[in-house]
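Summary of the model geometry
Okay, here's what each chain looks like letter by letter:
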Amino acid sequence: MEHPPAPNILTYDSSSIVFALDWSSRQDKGVRVAVGSFVEGVSNTVEILRVTPAGLIVDDKETFGIEYPATQVGFIPDRFCNKPDLLATSGDAVRLWKISDAGTTLELVLNDPKNTSKNFSAVTCFDWSEINVKVLAAGSSAGRLLLWDTESGRLQGTMVGHEDEILDCQWAANDVIVSSSGDGSIRMYDLRDKDHCTVLYETPRRTPVPRFCWNKLDPKHLAFSIEKSRLVSVLDVRFPTEPVILLDGHMGNCTALGWSPHREEYLCSVGDDCHALIWDMGKVNSEEDSKPNREAVDESPILAYNAQAEINAMAWNPIDPDWIAICARNRTQVLRI
């Protein structure tokens with residue numbers, strides 16, 4: 001088999017393991033990536049990296065310290081710069097940080113009102129709404145999905161349905177949120193009826209679903225990975241009983257995945273086998289192939305990259321279709337595909 005081409009690479013080495021990352025979509029401050037460290041204890045850092053002709057450069061003024069490792073970091077998706085430059089981090093709570101010329105300051109802390117000293121749930125994941133950017137959805141280790149107004153700090157709603165911790169969540173539309181859980185289910189919530197949810201898919205043995213990604217350019221498809229599996233599953237929500245295709249390209253567990261925000265057929269998956277793979281899913285988008293198929297498809301990805309270390313996270317650049325960022329051990333790399 002011929003090996004696919006390798007990408008051009010920019011690299012930055014942090015002093016500790018990095019676990020979470022996100023691109024900024026603002027167009028007034030250059031190209032930035034936020035990366036969160038993973039250090040046991042209460043001494044962690046969120047570094048803001050800038051993509052420059054000289055490579056990835058840390059912005060010491062915007063970089064800031066946090067206590068516990070961030071389960072996720074995420075810039076407000078405000079590409080037209082109508083809102084303050086905010087970055088959210090999650091862990092024991094959702095914290096909103098305001099980035100300005102003077103540096104980075106803590107703006108707001110969003111605590112689960114049901115938390116007590118004896119009954120505490122952490123924030124495992126969150127997602128900003130791209131349509132109403134002041135709204136943020138957050139998943140908790142108690143299986144609750146919380147909806148926050150980030151301007152007022154007010155909790156707009158709490159949605160339940162999962163029987164275990166929520167591991168990932170994402171907006172699918174203006175009024176629709178999807179989440180995956182340790183209970184092995186992927187559920188969809190319609191904010192017009194917060195008391196009910198729809199089960200899109202359940203793994204056969206209730207195996208946890210740590211990561212999924214909705215294809216926002218082709219809303220009938222989502223991709224997900226299950227715990228301790230190298231397979232990437234693609235689900236057609238019109239036929240949600242079984243995946244329409246299983247991609248068998250990793251030699252280890254899939255740790256993160258994401259659809260391109262620019263081309264509906266491109267899917268990136270990364271794993272603890274040190275590889276980042278990009279798949280062309282054009283065949284899945286055709287009507288003739290949108291039928292359940294439980295057989296794993298051993299297709300060659302169109303691009304493969306070996307990071308020489310386990311990859312913890314990945315993210316497509318929301319503005320430039322040629323850039324993907326990954327975190328591998330203490331290294332952040334930006335790949336031009």
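This report concerns the structure included in the present document. (Residues numbered from 1 in each chain as written. Predicted model: local features only at pLDDT ≥ 70, side-chain atom pairs only at ≥ 80, totals over all residues. Heavy atoms only, no water.)

Let's talk about the packing of aromatic side chains
In total, this model carries three aromatic pairs according to the counting rule given. A ring pair is formed by Phe19 and Phe38, whose centres lie 5.7 Å apart and whose planes are at 45°; its orientation type is tilted. Of this pair, Phe19 sits in strand 2 (residues 18-23) while Phe38 sits in the loop between strand 3 (32-37) and strand 4 (44-52), and the two are 19 residues apart along the sequence. On the accessibility criterion, Phe38 (42% relative accessible area) is partly exposed. Where Tyr201 meets Phe224, the ring centres are 5.1 Å apart and the plane angle is 40°; that geometry is what we call tilted. In this pair, Tyr201 is assigned in strand 18 (residues 197-202) and Phe224 in strand 20 (residues 221-225), connecting sequence segments 23 residues apart. You'll find Tyr201 and Phe224 in the same group, each marked buried. (Phe/Tyr/Trp six-rings, centres within 6.5 Å; stacked < 30°, edge-to-face > 60°. Helix = DSSP H or I, 4+ residues; strand = E, 2+ residues; numbered from the N terminus. Buried < 20%, exposed > 50% of the residue type's maximum accessible area, 1.4 Å probe, protein only.)

Brief notes about the pairing of strand 12 (residues 135-140)
Side-chain direction in a regular strand flips from residue to residue, so the side chains alternate between the two faces of the sheet. Burial of strand 12 is extensive: six of the six residues sit out of reach of the surface. Burial of strand 12 is two-sided: the residues Val135, Ala137 and Gly139 facing one way and the residues Leu136, Ala138 and Ser140 facing the other way are all buried. Inspection of the sheet shows strand 11 (residues 123-128) paired to strand 12 by five bridges, in the antiparallel sense. Across the sheet, residue Val123 finds its bridge partner in strand 12, namely Ser140. The hairpin formed by strand 11 and strand 12 contains six residues between the paired strands. Bridge count for strand 12 against strand 13 (residues 145-149) is five bridges, and the pairing is antiparallel. What sits directly across from Val135, in strand 13, is Asp149. A loop of four residues connects strand 12 with strand 13, the two strands running antiparallel in sequence, and Gly143 in this loop sits at a positive phi of about 85°. (Pairing = 2+ DSSP bridges.)

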